[in-house]
Amino acid sequence: GIQVEQSPPDLILQEGANSTLRCNFSDSVNNLQWFHQNPWGQLINLFYIPSGTKQNGRLSATTVATERYSLLYISSSQTTDSGVYFCAVKKGGRETSGSRLTFGEGTQLTVNP
Amino acid sequence: GAGVSQSPRYKVAKRGQDVALRCDPISGHVSLFWYQQALGQGPEFLTYFQNEAQLDKSGLPSDRFFAERPEGSVSTLKIQRTQQEDSAVYLCASSLVLASYEQYFGPGTRLTVT
């Protein structure tokens, strides 16, 4: 199956700092999503970005599908940004041949005041 | 509008008991997915429905796990004769049409088997 690698596994920041999280994947994809899992376990959708660049407030993401990676940028981090960030991909191809989202191991982000 | 909802939020079962977990997808969403998340890991796919048809059940870990979506809306994940290794958070997700569309997740059901 498709492999998804996220880096770094852990990241500790001071409030106000910027950071970049990376997601590498091993095959072509037709769905790539970034999620933030909050302390209560809820997966919050950040971006649906199988290709291109999107921005939402202090967050932005870029996916370079041809080179099989995606980046999540967090600017001016806040303590509420703490949690686990997951990248998840769906392998390209027939709908029933790869319906699943495959998740990376996540990046544990801690933002200190 | 309302998001994906799941019930119960927490379930404690004695080993050997059967459990049923419910998922209400976003209204009108055709595709529904179940995932299992062990502590400290990313979610892992269990099964996928398009309307009432179960198109992929390759992620179900054993024949003790069974899922259904009889009317193409609400889904139930049933685990028979629960084992300790079944302890995990069970997440349900839905997407508007195809699996390649954006998936939205519910809050999960935390299952603890004692």
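Look a little higher up for the structure.
This text gives an overview of the structure that appears in the document. (Residues numbered from 1 in each chain as written. Chains lettered and ligands numbered in written order. Predicted model: local features only at pLDDT ≥ 70, side-chain atom pairs only at ≥ 80, totals over all residues. Heavy atoms only, no water.)

Both faces of the sheet carry side chains from a regular strand, because those side chains alternate between them. Residues and elements named next belong to chain A. In terms of burial, strand β4 (residues 29-37) is a largely internal element, eight of the nine residues being buried. In this sheet, strand β9 (residues 83-91) lies alongside β4 in antiparallel orientation, the contact comprising eight bridges. The residue bridging W34 from the neighbouring strand is C87, located in β9. Bridging between β4 and strand β5 (residues 43-48) involves five bridges; their strand directions are antiparallel. Of the residues in β5, the one forming a bridge with H36 is I44. Hairpin connection of β4 to β5: five residues between the antiparallel strands, including G41 at a positive phi of 90°. (Buried < 20%, exposed > 50% of the residue type's maximum accessible area, 1.4 Å probe, protein only. Helix = DSSP H or I, 4+ residues; strand = E, 2+ residues; numbered from the N terminus. Pairing = 2+ DSSP bridges.)

Moving on: the pairing of strand β4 (residues 31-37) of chain B. Residue and element names in this part refer to chain B. β4 sits mainly inside the fold: seven of its seven residues count as buried. Burial along β4 is two-sided: S31, F33, Y35 and Q37 facing one way and L32, W34 and Q36 facing the other are all buried. Across six bridges, β4 lies against strand β5 (residues 44-50) in antiparallel orientation. Of the residues in β5, the one forming a bridge with L32 is F49. Hairpin connection of β4 to β5: six residues between the antiparallel strands, including G40 at a positive phi of 80°. Summarising the sheet, β4 and strand β9 (residues 88-95) pair through seven bridges and their orientation is antiparallel.

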